[in-house]
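Topology and contacts: notes
The residues making up each chain are set out below.
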Amino acid sequence: MVEPSRTGSSVRFFCTAGNGMETFLTEEVKKKLLAEDVCQLHGKVLFSSSAAIHRITGLKAAERLFLLLKKDSPLRMPTRCSRAEAAFLLQSRLLGNRDQWISAAVTWSCLQRELSATRDLGGTRWSQERGESEDFAGSRKHRSELREPESEEQHEEKPSEKKRMRVEDGDAEMKRESNSFSSKILHTGDDGTSESVENVTFRISCKCSGSVSRSFSSQEVSKMMGPAVSKLMGWKADLKNPLLEVSLHLSDDYCLLGIPLTRLPLANRSYIKTTGLRSTVAWAMASLAHIQPGFCVVDPMCGVGTILIEAAQEHQDACFLGVDIDDGQLQRANENVAFADLGQRIQLLKASTVALPLPSGSVDAVICDLPFGKKFGRGTNMAADLPLILCEMERILCPGGILVVLLSPQLSCLLKKLLTQEPQEPAEPALDQKAKPQTVAAVCLSSSSLSDQQLCRQDRRPAADLQQRPCPRWSSLKHQVTFRVSLGAIDGLIHKYIKI
Ligand SMILES: C[S@@+](CC[C@H](N)C(=O)[O-])C[C@H]1O[C@@H](n2cnc3c(N)ncnc32)[C@H](O)[C@@H]1O
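Attention here is on the structure that accompanies the text. Keep in mind that this is a model prediction, so the values were computed, not measured. Think of each chain on its own: its residues are numbered from 1, step by step along the sequence as written. Local features are withheld for residues below a pLDDT of 70 in this predicted model, meaning they are given only at 70 or higher, and side-chain atom pairs are given and counted only at 80 or more; totals for whole chains, interfaces and linings count all residues. For the side-chain quantities, the full set of heavy atoms in the structure was used; hydrogens and water were omitted.

1. Concerning the packing of aromatic side chains
Pairing of aromatic rings covers Phe, Tyr and Trp, the last through its six-membered ring, and needs centres within 6.5 Å; plane angles under 30 degrees mean stacked, over 60 mean edge-to-face, and all others mean tilted. Counted according to the given criterion, the structure contains five aromatic pairs. Cluster of aromatic residues (ring-pair linked, three or more members): W101, F202 and W235.

This is the structure in structure tokens:
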């Protein structure tokens, strides 16, 4: 018996992406996978690639990864379409022929074997990176991924050991299932073509939006397709524990059929213990900073450190500094950095972003996710503090340095207004320069020795004083691009500037 292999052959995939993340994902598949026939749709990116599967599952801007079974134009259901008519339309459009399904199932099986082999080679490291451990549908949303209006990021705290064990257990379970599936599906003839695909259990999961969703629920659509697939393939439906999941995505723009390749979303980072900002958005912000070897990158409101960890994972030869005013956040950031084994390259410092203890022009990139509401505002009014914060970020950047900020739509409008204001008188230095370390590296080294007293001294400056300080240097920040991205319940705007 010859086992089918996809060595060297190109496979068509699609990934789901959060709203506004499609452009980042398109760039990523082109750059990292040299993907071909890349097609960007709302919430999805389709591409062909012959890259090793672990490189594809390593995509950072994607939510979930699927093997593409079929893509078609959107279904136009007549008004007051009966269930039977809808089922007929759906099946005649999407079912296709048996060979297509067999070929997809066999390719899927090959990819599962490749994934399984990668896990064998990479041991726990791979499993930690991808964290294959939970329900097949993997559709459970991490509550921390949703930024509620005025409540902001929530933090999911998981003891590291527990998370590692869960991941390793899941890894073994996934391997068992993948092998058992392969033994059922990989019956091939001597010429390498599939002879039979037997004893396969499956379930259809459906995501509908647009006009179809106004007539039928996702469950109803799944029920329309399930029996037809069963009849065509001789497969048995199993809603609880199927060997094969088939995902159907229907919108006003397209119909897509696919088979998910991993249980958990790619966006679930197993190297992050406590999640803050959505990891995909954090990665996208870091990608806009074009970090080069030797760069010093600062997140002046680092929270639990998501942006720095995403950036440091991708850029081995740069150094990173996280600043936050909140002890609890810094504690979690510290744990996260240790969990991701990045303690050598990410340093943390307690300070206020309105008075950063860093010399002017000492930083190559500033990446910052500003608080949107009450939870992380520490009682401060972000709108009132924005001029000062901007002033400090601009001050520490070197000429040519890059500023990437994530703001609420309201703060984003304010920022645009500020940056179009006329320049004013030169600003006072934010801190007594004598008290400052001379380089970011020095700050990193001395951060542990910066006493709370020193920090309090910074914070004791009268707020009114700080707010009235003129900030003429904004005119040096040249706007490059803005992206609107979904943070769950609300949207955020990522702005990129270069200091000239
Ligand atoms: C939106 S959260 C950042 C979340 C972060 N990106 C993450 O993934 O965890 C904003 C952070 O700014 C911090 N913060 C608020 N005011 C600050 C200030 N004046 N100086 C420094 N940090 C401040 C809060 O403690 C909070 O951790």
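From this point, things continue past the structure.
2. What to know about the pattern of salt bridges
By definition here, a salt bridge exists when the distance from a side-chain nitrogen of Lys or Arg to a carboxyl oxygen of Asp or Glu is within 4 Å. Scanning the model with the defined rule gives 10 salt bridges in all. Here K499 ties to E394 by a salt bridge, and the two come within 3.7 Å at their closest N and O atoms. On the criterion of sequence distance, the pair formed by K499 in strand β17 (residues 491-499) and E394 in helix α11 (residues 382-396) is long-range, its members being 105 residues apart. There is no split in this pair, since K499 and E394 are both buried. Overlapping salt bridges bring together E28, K32 and E314 as one network. Secondary structure elements are taken from DSSP: a helix is a run of H or I of four residues or more, a strand is a run of E of two residues or more, and numbering for both begins at the N terminus. With a 1.4 Å probe rolled over the protein chains alone, any residue whose accessible area is under 20% of its type maximum counts as buried; one over 50% counts as exposed, and the rest are partly exposed.

3. Section: the site of the ligand
One heavy atom suffices: a residue is near a molecule or strand as soon as one of its heavy atoms comes within 4 Å of it. Lining the immediate environment of the ligand, one finds 23 residues, of which V304, T306, D324, T353 and D369 sit closest. Polar contacts, as used here, are pairs of N or O atoms within 3.5 Å; protein pairs need one atom able to donate a hydrogen and one able to accept it. Residues neighboring in sequence count only if both atoms are side-chain atoms. Between the ligand and the protein, one listed contact pairs a nitrogen atom with a backbone N or O atom of T353 at 2.9 Å. Protein chains bury 99% of the 600 Å² of accessible surface belonging to the ligand in isolation. All residues other than Ala, Val, Leu, Ile, Met, Phe, Trp, Tyr, Cys, Pro, Asp, Glu, Lys and Arg, Gly among them, are scored as polar; the first ten of these are nonpolar and the last four charged. Grouping the constituent residues of the shell around the ligand by class yields 11 nonpolar, six polar and six charged. In this document the domain limits rely on a domain assignment from an automatic tool or a database. No fewer than three residues from each of domain 1 (11-260) and domain 2 (279-499) sit in the shell around the ligand. With residues, only the protein chains shown are counted as cover, and all accessible areas are computed by Shrake-Rupley using a 1.4 Å probe.

4. Some points on helix α7 (residues 218-233)
Expected span, for any helix, means 1.5 Å times one less than how many residues it has. Relative to the 22 Å expected for 16 residues at 1.5 Å per residue, α7 spans 22 Å between its end C-alpha atoms, a close match to the ideal helical length. Within the sequence span of α7, burial applies to V221, S222, M224, M225, G226, A228, V229 and M233. Of the residues one or two after α7, G234 is the one with positive phi, at around 75 degrees.

5. Observations concerning the pairing of strand β2 (residues 36-41)
With four bridges connecting them, β2 and strand β3 (residues 44-49) associate as antiparallel partners. Counterpart to Q40 in the pairing with β3 is V45. Linking β2 back to β3 in an antiparallel pair, the connection comprises two residues, with G43 at a positive phi of about 80 degrees. Criterion used throughout: strands pair if DSSP finds at least two bridges between them.

6. Considering the sheet that holds strand β9 (residues 244-250)
Ordered in space as β2-β3-β1-β4-β10-β9-β7-β8, the eight strands form an open sheet in which the pairing is mixed. Of all strands in the sheet, those bounded by a partner on one side alone are β2 and β8 (236-237). A contact between two residues is defined here by any heavy atoms of the two lying within 4.5 Å. Helix axes are fitted only over the stretch in contact, all axes being lines through C-alpha atoms; the angle between N-to-C directions runs from 0 to 180 degrees. Packing against the sheet, helix α1 (residues 22-33) makes contact with β1 (11-16), β2 and β3, and its axis sits at approximately 10 degrees to β3. Sheet strands in contact with α7 are β7 (201-208), β8, β9 and β10 (255-260), and its direction is about 145 degrees off that of β7.

7. Concerning the nonpolar core
Judged by nonpolar contacts, the single largest core of 101 residues is most densely connected at F47, L59 and L250. Split by domain, the residues of this core number at least three in each of domain 1 (11-260) and domain 2 (279-499). Sequence-distant contacts of L250, that is, excluding residues within four places in its chain, are made with L75, L90, L94, K207, C208, S209, V212, V221 and C255. What is meant by a nonpolar core is a set of buried Ala, Val, Leu, Ile, Met, Phe, Trp, Tyr and Cys residues, joined one to another through side-chain atoms within 4.5 Å. Grouped together as the second largest cluster of nonpolar side chains are 32 residues, L349, L358, L388 and Y497 included.

8. What about the side chain of T26?
Topologically, T26 is positioned in helix α1. On the accessibility criterion, T26 (7% relative accessible area) is buried. With near-sequence residues (within four places) excluded, T26 lies in contact with V38, Q40 and V45.

9. Digging into the sheet that holds strand β12 (residues 319-324)
Strand order in the open sheet made by the seven strands is β13-β12-β11-β14-β15-β17-β16, with mixed pairing throughout. Edge positions in the sheet fall to β13 (346-350) and β16 (477-486), since each of these pairs with one other strand and no more. Direction aside, neighbouring strands of the sheet carry axes that sit 15 degrees apart on average. Pairing analysis gives four bridges linking strand β11 (residues 296-299) to β12, with the strands arranged parallel. Residue pairing in the sheet places V298 in a bridge with L321 of β12. Packed on one face of the sheet, helix α12 (residues 409-419) meets β15 (397-407), β16 and β17 and runs near 25 degrees to β17.

10. Observations regarding the state of the cysteines
To count as a disulfide, a pair of cysteine sulfur atoms needs to be within 2.5 Å. Applying the stated criterion across every chain yields a total of zero disulfides. Take C368: it sits in no disulfide, and the sulfur closest to it among the cysteines is that of C302, at 9.4 Å.

11. Observations regarding the environment of R76
With respect to the element layout, R76 can be found in the loop between β4 (65-72) and α3 (83-94). You can call R76 exposed: its relative accessible area is 58%. For R76 and L89, which are 13 residues apart along the polypeptide, the C-alpha to C-alpha distance reads 8.9 Å.

Everything listed is a geometric property; what it means functionally is a separate question.
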